[in-house]
Amino acid sequence: MAAPTPQATAGRTASTVRGSWSSALVELPVAGGSAEPESRVRSLLQRREAAIRAQDRAAWLATVGPTSPQGMPGAARQGIADQQAAVFDRIVQLPLTLFRYDSARLLRPRATERGPGPAASTGSTGSTGSSGATAAGRVVEVRGTYALGRFGGPRTFRERFVLGRPVGGAGGPALLPLPDGSRSPRVSVPWDLPGMRVVRGHSSLVVGNAALRRLRGYARLADRAVQLVDRQWGTDWSRAPVLIVPATAEQYAGLTGQTTSAATTSQVAAVTTGPIDADGRASADQVVVRPATWSELTAQGRAAVVTHEVTHVATRASTTAPVPLWLSEGLADYLAYRAVALPPEAIAADLLDRVRSGVGPIGVPPDSAFGAGVRDLAASYQAAWLLCRHIATTHGEAALLRLYRTVAAGTPVRRAVPEMLGVDEDQLTAAWLTDLHRLSH
């Protein structure tokens, strides 16, 4: 379970009907170069976008190639083509309703930025290649937008290329995916995942390169979570969650913006992340599942994690203002655990142990208690869950949901609590702490 992480606001709107593709390339801004290379970049990006729209692999491959094919072994040139064919194949598996390039910048390559060597194996945004000639062409930094129709509105992506000659060494200019100097290709979007597959559930979309059995399992869990969230929260959201299931901690780190070390030692099982629209809603959220989650958790635990995150997708898509994390995480856990046949003493064991030891909470957990590096993160989540559970059992489940929606519409908690519950914050906190002590004995 993890706190949702709002990212940068989406800059452009996009079509959401498959086949209704919009293009920014007619007036695509290309900055930093003379007219000739700008024109080349614009033309190449137009062709790449059109290739995805037409699902034309040959047209896609015609836009890529190394900066200095002469002197490069034929096997290496073929490797680049094979890798880019794999990237194309992954992209077109997705139910895209939008794939476009929005802007590009021409940069001078640094001395450390090299073209791929014979052993290069690039991702769509990077490469492991450490040998090869220094790129003689211009570095092209591209920003684009994609959308997955009913599974999510527009999300942005970035790519970096070198403007060079095509794989065959003849013909017009081409784009070479730029090495990033890392040992493994950088992963930042779903189609960066090597071996990516797509599993469609009844309501959900699961994308990843984990074992197919796990992808199908997560699709079943997500479908079930949609039904549970619909019954409690309502249907004023897309009801079509996207789960991204990477195979490694490094891939999880790239998709969530964490360091590999943080992703490896993380206490959270998944995170919901996506851009915030201009109206304050999140219409393009994706749930990224930490690779170890499946093996670390029981079947009930996996179901709770997915329902928790799907709750975040629903609440963020249908409300317009941020809420305190105790309320956001507490409601998500409250809905997740409603279908779990375990007593609160088992679910909140860490917190209740602290209460018995005399080091339990003395107040509502602040937002800082939910940080990824917090030692007692589990206890913070359990405290939030038991607070929301206390509200539901004392004042009614409908009152809990009204409280959330009221705060998420912009009403401060200090006003919303007495208006929705008939008690002030201090009274609510005191009653909850009494409940904790009762549960701990």
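### What to know about the overall build of the protein
Link 1 in the chain: The secondary structure content of the protein amounts to 15 helices and 11 strands.
Link 2 in the chain: The buried share of the protein, reckoned over its 441 residues, is 53%.
Link 3 in the chain: In the protein, the share of contacts with a sequence separation of at least 24, taken over all contacts with a separation of at least 6, comes to 70%.

### Examining the packing of aromatic side chains
Link 1 in the chain: Counted by the stated rule, this structure contains 12 aromatic pairs.
Link 2 in the chain: An angle of 75° between the planes, with centres 5.0 Å apart, marks the rings of Y146 and W191 as edge-to-face. Placement of the pair is Y146 in strand β4 (residues 139-147) and W191 in the loop between β6 (174-177) and β7 (197-200), with a sequence separation of 45 residues. Residue Y146 shares its accessibility class with W191, and that shared class is buried.
Link 3 in the chain: Taken together, the ring pairs in this structure connect F99, Y101, Y146, F157 and W191 into an aromatic cluster.
Link 4 in the chain: The side chain of R48 reaches across the aromatic face of W60, ending 3.8 Å from its centre.

### Brief notes about the pattern of salt bridges
Link 1 in the chain: If you walk through the whole model with that rule in mind, you get 16 salt bridges.
Link 2 in the chain: Ionic pairing is found between D236 and R405, a salt bridge with its closest N-O pair at 3.1 Å. With D236 in the loop between α4 (212-232) and β9 (242-245) and R405 in helix α13 (residues 397-407), this residue pair connects regions lying 169 residues apart in the sequence.
Link 3 in the chain: Of the residues examined, D236 reaches a relative accessible area of 38% and is grouped as partly exposed.

### Section: the pairing of β4
Link 1 in the chain: The element β4 is extensively covered by neighbouring structure, given that eight of its nine residues are classed as buried.
Link 2 in the chain: Where β4 lies against strand β5 (residues 155-164), eight bridges are found, and the strand directions are antiparallel. Of the residues in β5, the one forming a bridge with E141 is R160.

### Some words on the nonpolar core
Link 1 in the chain: Core analysis: the biggest nonpolar cluster contains 112 residues, and W191 and W326 have the highest contact counts within it.
Link 2 in the chain: For this core, the element with the most residues is helix α12 (residues 377-395), which contributes 11 residues.
Link 3 in the chain: Beyond its immediate stretch of four places on either side in the chain, W326 contacts L331, V364, P365, F370, A384, L387, C388, I391, L403 and V413.

### Describing helix α15 (residues 425-440)
Link 1 in the chain: The end-to-end C-alpha separation of α15 is 23 Å, in line with the 22 Å expected for 16 residues at 1.5 Å each.
Link 2 in the chain: Of all the residues in α15, the buried ones are L428, T429, W432, L433, D435, L436, L439 and S440. All buried residues of α15 lie within an arc of 155° about the axis, which places them on one face of the element. Along α15, exposed side chains directed more than 90 degrees from the buried face belong to D426, T434 and R438.
Link 3 in the chain: The secondary structure elements touched by the buried residues of α15 are α10 (344-347), α11 (349-356), α12 and α14 (413-421).

### Some remarks on the side chain of E49
Link 1 in the chain: As for its placement among the helices and strands, E49 is situated in helix α1 (residues 35-54).
Link 2 in the chain: A distance of 3.3 Å separates a polar side-chain atom of E49 from the backbone nitrogen of Y101.

### Details of the environment of R47
Link 1 in the chain: Locating R47 in the fold gives a position in helix α1.
Link 2 in the chain: The exposure class of R47 is partly exposed, given its relative accessible area of 35%.
Link 3 in the chain: Excluding its chain neighbours within four sequence positions, the residues that come into contact with R47 are A62 and T63.

### Topic: the packing of α11 against α15
Link 1 in the chain: Contact pair α11 / α15: the axes reach a minimum separation of 9 Å and the direction vectors enclose 95°. Between α11 and α15, the interaxial angle falls into the category roughly perpendicular. In contact with L351, L352, V355 and R356 of α11, α15 contributes L436, H437, L439 and S440.
Link 2 in the chain: Each residue belonging to the contact of α11 with α15 can be placed in one class, and the counts come to five nonpolar, two polar and one charged.

### Some words on the confidence of the model for the protein
Link 1 in the chain: Here the protein averages 83 in pLDDT, and 78% of its residues register 70 or above.
Link 2 in the chain: The low-confidence segment residues 67-71, where pLDDT is below 50, has 14 contacts with residues more than four positions distant or belonging to other chains.

### What to know about unusual backbone geometry
Link 1 in the chain: A positive phi angle, near 55°, is found at Q55, a position not held by glycine.
Link 2 in the chain: By secondary structure assignment, the location of Q55 is in the loop between α1 and α2 (57-61).
Link 3 in the chain: Phi at R239 takes a positive value of approximately 60°, unusual for a residue other than glycine.
Link 4 in the chain: As for its position among the elements, R239 is in the loop between α4 and β9.
Link 5 in the chain: Judged by relative accessible area, which is 35%, R239 ranks as partly exposed.

Reading the values: the criteria
Residues numbered from 1 in each chain as written. Predicted model: local features only at pLDDT ≥ 70, side-chain atom pairs only at ≥ 80, totals over all residues. Heavy atoms only, no water. Helix = DSSP H or I, 4+ residues; strand = E, 2+ residues; numbered from the N terminus. Buried < 20%, exposed > 50% of the residue type's maximum accessible area, 1.4 Å probe, protein only. Contact = heavy atoms within 4.5 Å. Phe/Tyr/Trp six-rings, centres within 6.5 Å; stacked < 30°, edge-to-face > 60°. Lys NZ or Arg CZ within 6 Å of the ring centre and 35° of its normal. Salt bridge = Lys/Arg side-chain N within 4 Å of Asp/Glu carboxyl O. Pairing = 2+ DSSP bridges. Core = buried A, V, L, I, M, F, W, Y, C linked by side-chain atoms within 4.5 Å. Expected span 1.5 Å × (residues − 1). Arc of directions from axis to C-beta. Polar contact = N/O pair within 3.5 Å; in protein donor to acceptor, adjacent residues only side chain to side chain. Axes fitted to C-alpha atoms, helices over the stretch in contact; angles between N-to-C directions. Parallel < 35°, antiparallel > 145°, perpendicular 65-115°, else oblique. Nonpolar A, V, L, I, M, F, W, Y, C, P; charged D, E, K, R; others polar. pLDDT = per-residue confidence, 0-100.

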